[in-house]
Amino acid sequence: MHGENAQKIKIRQWDFPVRLFHWALVVAIATAWWTNQEAIINIHELAGYTVLTLVLFRIVWGIVGSSNARFKSFVKGPFAALSYLRKLPKGSEEELAYTGHNPAGGLMVIVLLVLVAVQAVTGLFASENTFLFFDGPLVKYVPSGFADTMNYIHHVNINLIYIAVGLHVTAAIGYLFLKNENLIGPMITGSRKVPASIAARFATIKFKSAWLGVLILVVCGAVVAGIITLARAG
Ligand code: HEM
Ligand code: HEM
């Protein structure tokens, strides 16, 4: 039964660093996608480094961050994801009461992170030799055959990103309209309304300091900037 009338309680679900990561990633990917034409390749490059920084941050936050942001709390493997999806159509509120990502969402998070990481890393080896003569910062360190392969992956992998993001956004909208479950709001504001019967579960989330998250993000940015600067100078 979906308790339309059940009392709902506002709980805190996503910490600030996870939300900042998510929407910054969306903006950075959109910017990189928008600017892949020659004239604005420098913005493309910057957006790509931003994605690299964000993914690096998310890996660290997945280890030391708030309990529901940690990989070990939501990475359950493909079988758990399938079994969750099988139960979903007749799902109860209980099933939606994961304090973080459900097993299917968790799998998608990993797929998305890997795909955008592959896109950003292959970009470091990508070249444009027709109009701009732009080389990614690592092109000069590798044999041209390797750089060509990375360039090729950079052009092909974007299509996988389209598919994965399409599924991801469709799922979020599906929850909203088919299951009357708004997952998007919590990713923006951090808080979510859940039935009173399961609210206690969310009180078990151990939140880490948002400042720690921001500090880690800044350090990741400095590491990426340092490596790129050294690579360009060398
Ligand atoms: C370039 C596009 C996007 C990418 C690469 C992306 C990637 C991700 C990633 C990596 C996460 C996991 C967050 C974390 O644990 O740190 C996530 C979660 C989420 N994203 Fe996106 N996202 C994109 C666009 C969107 C859009 C446009 C929406 C809204 C319609 C959206 C809604 C959500 C929601 C609701 C969650 C949380 C799901 C849950 O509660 O388990 N995403 N996304
Ligand atoms: C996740 C971040 C990134 C995304 C989403 C992205 C996306 C794209 C897309 C969609 C294309 C056009 C592919 C095609 O025409 O089939 C492209 C081309 C390219 N990207 Fe990226 N990219 C990213 C990161 C980077 C980085 C970090 C660099 C270099 C530092 C880079 C360098 C290039 C180059 C040189 C091209 C070829 C441009 C051309 O042929 O006109 N990209 N990228």
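Fair warning: this is a prediction, and the values are worked out from it, not measured in the lab.

Looking at the packing of aromatic side chains
Inference 1: Evaluation of the coordinates by the stated rule reveals six aromatic pairs.
Inference 2: Note on Phe71 and Phe74: the rings are 5.9 Å apart at their centroids and 65° apart in plane angle, and the pair reads as edge-to-face. Residue Phe71 and its partner Phe74 are located together in helix α3 (residues 71-74), separated by three residues, close to a single helical turn. Exposure class is identical for Phe71 and Phe74. Each is buried.
Inference 3: By way of ring pairs, the aromatic residues Phe21, Phe57 and Trp61 are connected into one cluster.

Let's talk about the UniProt feature "transmembrane region" (unreviewed entry) in the chain
Inference 1: With numbering aligned to this structure, UniProt lists the feature "transmembrane region" (unreviewed entry) at residues 16-34, 46-64, 106-126, 160-178 and 210-231.
Inference 2: Taken end to end, residues 16-34 is 100% helix and 0% strand, and its first and last C-alpha atoms sit 27 Å apart.

Regarding the coordination of the iron atom of ligand 1
Inference 1: Ligation of the iron atom of ligand 1 by protein atoms is provided by His22 (NE2) and His168 (NE2), these donors lying 2.0 Å from the ion.
Inference 2: For the iron atom of ligand 1, the six donor atoms in the first shell make angles of 88 to 178° at the metal, so the coordination geometry reads as octahedral. Remark: His168 occurs in helix α6 (residues 144-178) and His22 occurs in helix α1 (residues 16-34); sequence separation between them is 146 residues.

Side note on the side chain of Ser66
Inference 1: Here Ser66 is to be found in the loop between α2 (41-64) and α3.
Inference 2: When near neighbours in sequence (up to four residues on either side) are disregarded, Ser66 contacts Asp15, Trp61, Lys206, Phe207 and Lys208.

A few points about the site of ligand 1
Inference 1: Around ligand 1, the structure places 18 residues, and the nearest of them are His22, Arg58, His101, His168 and Leu183.
Inference 2: Note that an oxygen atom of ligand 1 is positioned 2.6 Å from one of the side-chain N or O atoms of His101.
Inference 3: For ligand 1, a nitrogen atom lies 2.7 Å from a polar atom in the side chain of His168.
Inference 4: Judged by the fraction of its atoms near the pocket grid, ligand 1 is located in the largest pocket.
Inference 5: For the shell around ligand 1, the secondary structure elements donating two or more residues are α1, α5 (103-123), α6 and α7 (184-189).
Inference 6: Looking at the shell around ligand 1 residue by residue, the classes come out as 14 nonpolar, three polar and one charged.

Conventions and cut-offs
- Residues numbered from 1 in each chain as written.
- Chains lettered and ligands numbered in written order.
- Predicted model: local features only at pLDDT ≥ 70, side-chain atom pairs only at ≥ 80, totals over all residues.
- Heavy atoms only, no water.
- Phe/Tyr/Trp six-rings, centres within 6.5 Å; stacked < 30°, edge-to-face > 60°.
- Helix = DSSP H or I, 4+ residues; strand = E, 2+ residues; numbered from the N terminus.
- Buried < 20%, exposed > 50% of the residue type's maximum accessible area, 1.4 Å probe, protein only.
- UniProt positions renumbered as here; feature names shortened; annotations may be inferred.
- Donors = N, O, S within 2.8 Å, 3.2 Å for Na, K, Ca; no water.
- Tetrahedral: all angles 85-135°; square planar, octahedral: opposite > 155°, others 65-115°.
- Contact = heavy atoms within 4.5 Å.
- Near = heavy atom within 4 Å.
- Polar contact = N/O pair within 3.5 Å; in protein donor to acceptor, adjacent residues only side chain to side chain.
- 1 Å grid on protein atoms, 1.4 Å probe; cavity = no way out; pocket = protein on both sides within 12 Å on 5 of 7 lines; lining within 4 Å.
- Sits in = over half its atoms within 2 Å of the grid points.
- Nonpolar A, V, L, I, M, F, W, Y, C, P; charged D, E, K, R; others polar.

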